[in-house]
Amino acid sequence: MGLAVAALLVAGCGTVRAFLDLQEALEEEGFTDVNVNVGVGDGLLIEGRAPSDLDRREAEERAAEIAWTEFPRRLDSLTVELDGGSRVFSRGELEEQFGPRPSGLDDKDLEDDVRDFGVGLVIALVAGAVLCVGLIILAVVLVRRSGRKKRERFAAAYPGYGPPGGYPAPPGEGYGAPPPPAPPQQPPGWG
């Protein structure tokens, strides 16, 4: 179970760190209410408010440039939504406008991180289910064993109790097994 949780965390940490680093870089440039998320396919979505010293189009291009030059995952598209407007940049547009990406930024795909996170989650859920079933089986075995030991202790303390043969009374008490049936009597005068 611990390995499954560790796999889940490792799979998700790289992407989360990349999103947070890009968000910080945008905020340092004056963007506010920034949210970085997965877009369509191998795309990225940036939402927020533009810096006050840039018009919306300049701000969209500045946000796109920061993502293109700093986000460490392959980008096939980038959607920038600022101040109620939206602009989609294709990979070709980004490369034409800002040049080739710095070395190493395209080494990992965003979809790989999402898939790895999903696989880690499935492994963690399966491990959790197996653990739960194991605990339920263990509880049933322990309860049954406890009940058997109680019956054995009771039988040792009160010999003769329990099936078969009825329930004889402990010494000095009036309850017990029913007496055996009386032999049939013949009516008087027979004989």
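So, here is what we can say about the structure in this document. Starting afresh in each chain, residues are numbered from 1 along the sequence in its written order. Totals for whole chains, interfaces and linings use every residue, but because this is a predicted model, local features are given only for residues with pLDDT of at least 70 and side-chain atom pairs only at 80 or more, for both listing and counting. Calculated side-chain values reflect all of the structure's heavy atoms, with hydrogen atoms and water omitted.

1. As for the packing of helix α2 (residues 56-70) against helix α3 (residues 91-98)
Phase 1: Relative to each other, α2 and α3 sit at 95°, their axes nearing to 11 Å. Classed by the angle they form, the pair α2 and α3 counts as roughly perpendicular. From α2, Glu61, Ala64, Glu65 and Trp68 reach across to α3, where they touch Arg91, Leu94, Glu95, Gln97 and Phe98.
Phase 2: Classes in brief: Ala, Val, Leu, Ile, Met, Phe, Trp, Tyr, Cys and Pro nonpolar; Asp, Glu, Lys and Arg charged; the others, Gly included, polar. A per-class count over the contact of α2 with α3 returns four nonpolar, one polar and four charged. Lines fitted to C-alpha atoms define the axes, with helix axes restricted to the stretch in contact, and inter-axis angles between N-to-C directions lie between 0 and 180 degrees. The way it works is that DSSP assigns letters per residue, a run of H or I at least four long becomes a helix, a run of E at least two long becomes a strand, and they are numbered from the N terminus. Should an angle fall under 35 degrees it is taken as roughly parallel, and over 145 as roughly antiparallel, whereas 65 to 115 is taken as roughly perpendicular and any remaining angle as oblique. Every residue pair with non-hydrogen atoms within 4.5 Å of one another is taken to be in contact.

2. Considering the nonpolar core
Phase 1: Core analysis: the largest hydrophobic core is formed by 25 residues, its most contacted members being Leu22, Leu26, Phe31, Leu44 and Leu78.
Phase 2: Where this core is concerned, the elements lending two or more residues are α1 (2-28), β1 (32-38), β2 (43-49), α2, β3 (77-82) and α3.
Phase 3: The leading source of residues in this core is α2, at six residues.
Phase 4: Contacts of Leu44, omitting those with residues within four sequence positions, involve Phe19, Leu22, Val36, Asn37, Gly39, Ala67, Phe71, Leu75, Ser77, Leu78 and Thr79. Among buried residues, those of type Ala, Val, Leu, Ile, Met, Phe, Trp, Tyr and Cys that are joined through side-chain atoms within 4.5 Å constitute a nonpolar core. Burial classification: accessible surface area is computed with a 1.4 Å probe over protein chains only, and a residue below 20% of its type maximum counts as buried, one above 50% as exposed, and the rest as partly exposed.

3. A look at the sheet that holds β2
What holds strands together in a sheet is hydrogen bonding between their backbones, with the strands either parallel or antiparallel.
Phase 1: Any two strands between which DSSP finds at least two bridges are classified as paired. Overall, mixed pairing links the four strands, which are arranged β1-β2-β3-β4 in an open sheet. Of all the strands in the sheet, the pair left with one neighbour each is β1 and β4 (85-90). The sheet shows a mean angle of 15° between the axes of neighbouring strands, direction not considered.
Phase 2: Alignment of β3 against β4, held across six bridges, turns out to be antiparallel.

4. Here's the deal with the pattern of salt bridges
Oppositely charged side chains may form a pair once their charged atoms are brought near each other.
Phase 1: The working definition used for a salt bridge is a side-chain nitrogen of Lys or Arg within 4 Å of a carboxyl oxygen of Asp or Glu. For the structure shown, the criterion picks out twelve salt bridges.
Phase 2: Between Asp83 and Arg49 there is a salt bridge; the shortest N-O distance is 4.0 Å. Separated by 34 residues along the polypeptide, Asp83 in the loop between β3 and β4 and Arg49 in strand β2 bring together distant segments of the chain.
Phase 3: Arg91 is paired through a salt bridge with Asp106; the nearest N and O atoms lie 2.4 Å apart. Placement of the pair is Arg91 in helix α3 and Asp106 in the loop between α3 and α4 (110-157), with a sequence separation of 15 residues.
Phase 4: The exposure class assigned to Arg91 is buried, which follows from its relative accessible area of 17%.
Phase 5: Among the residues examined, Asp106 registers a relative accessible area of 24% and is labelled partly exposed.

5. With respect to the packing of aromatic side chains
Phase 1: Stacked, edge-to-face and tilted are the three classes for Phe, Tyr and Trp ring pairs, Trp counted by its six-membered ring, which pair at centre distances within 6.5 Å; planes under 30 degrees apart are stacked, over 60 edge-to-face, the rest tilted. Inspection of the entire model under this criterion finds one aromatic pair.
Phase 2: Centroid distance Phe19 to Phe71: 5.8 Å. Interplanar angle 10°. Geometry classified as stacked. Placement of Phe19 in helix α1 and of Phe71 in the loop between α2 and β3 is noted, with a sequence separation of 52 residues between them.
Phase 3: Given a relative accessible area of 13%, Phe19 falls into the buried group.
Phase 4: Cation over ring: Arg101 sits above Trp68, and NZ or CZ is 5.0 Å from the ring centre. Remark: a charge is flagged as sitting over a ring if the NZ atom of Lys or the CZ atom of Arg is within 6 Å of the ring centre and within 35 degrees of the ring normal.

6. Section: a nonpolar patch on the surface
Phase 1: Together, Leu131, Leu135, Leu138 and Leu142 make up a nonpolar patch on the protein surface, roughly 370 Å² of accessible area in all.
Phase 2: When you line up the elements, Leu135 lands in helix α4. Like-charged residues within 9 Å of one another, or nonpolar side chains (Val, Leu, Ile, Met, Phe, Trp, Tyr) within 5 Å, are grouped into patches, provided each residue has over 30% relative accessible area and no salt bridge. Using a 1.4 Å probe, the Shrake-Rupley method yields the accessible areas, and only the shown protein chains count as cover for residues.

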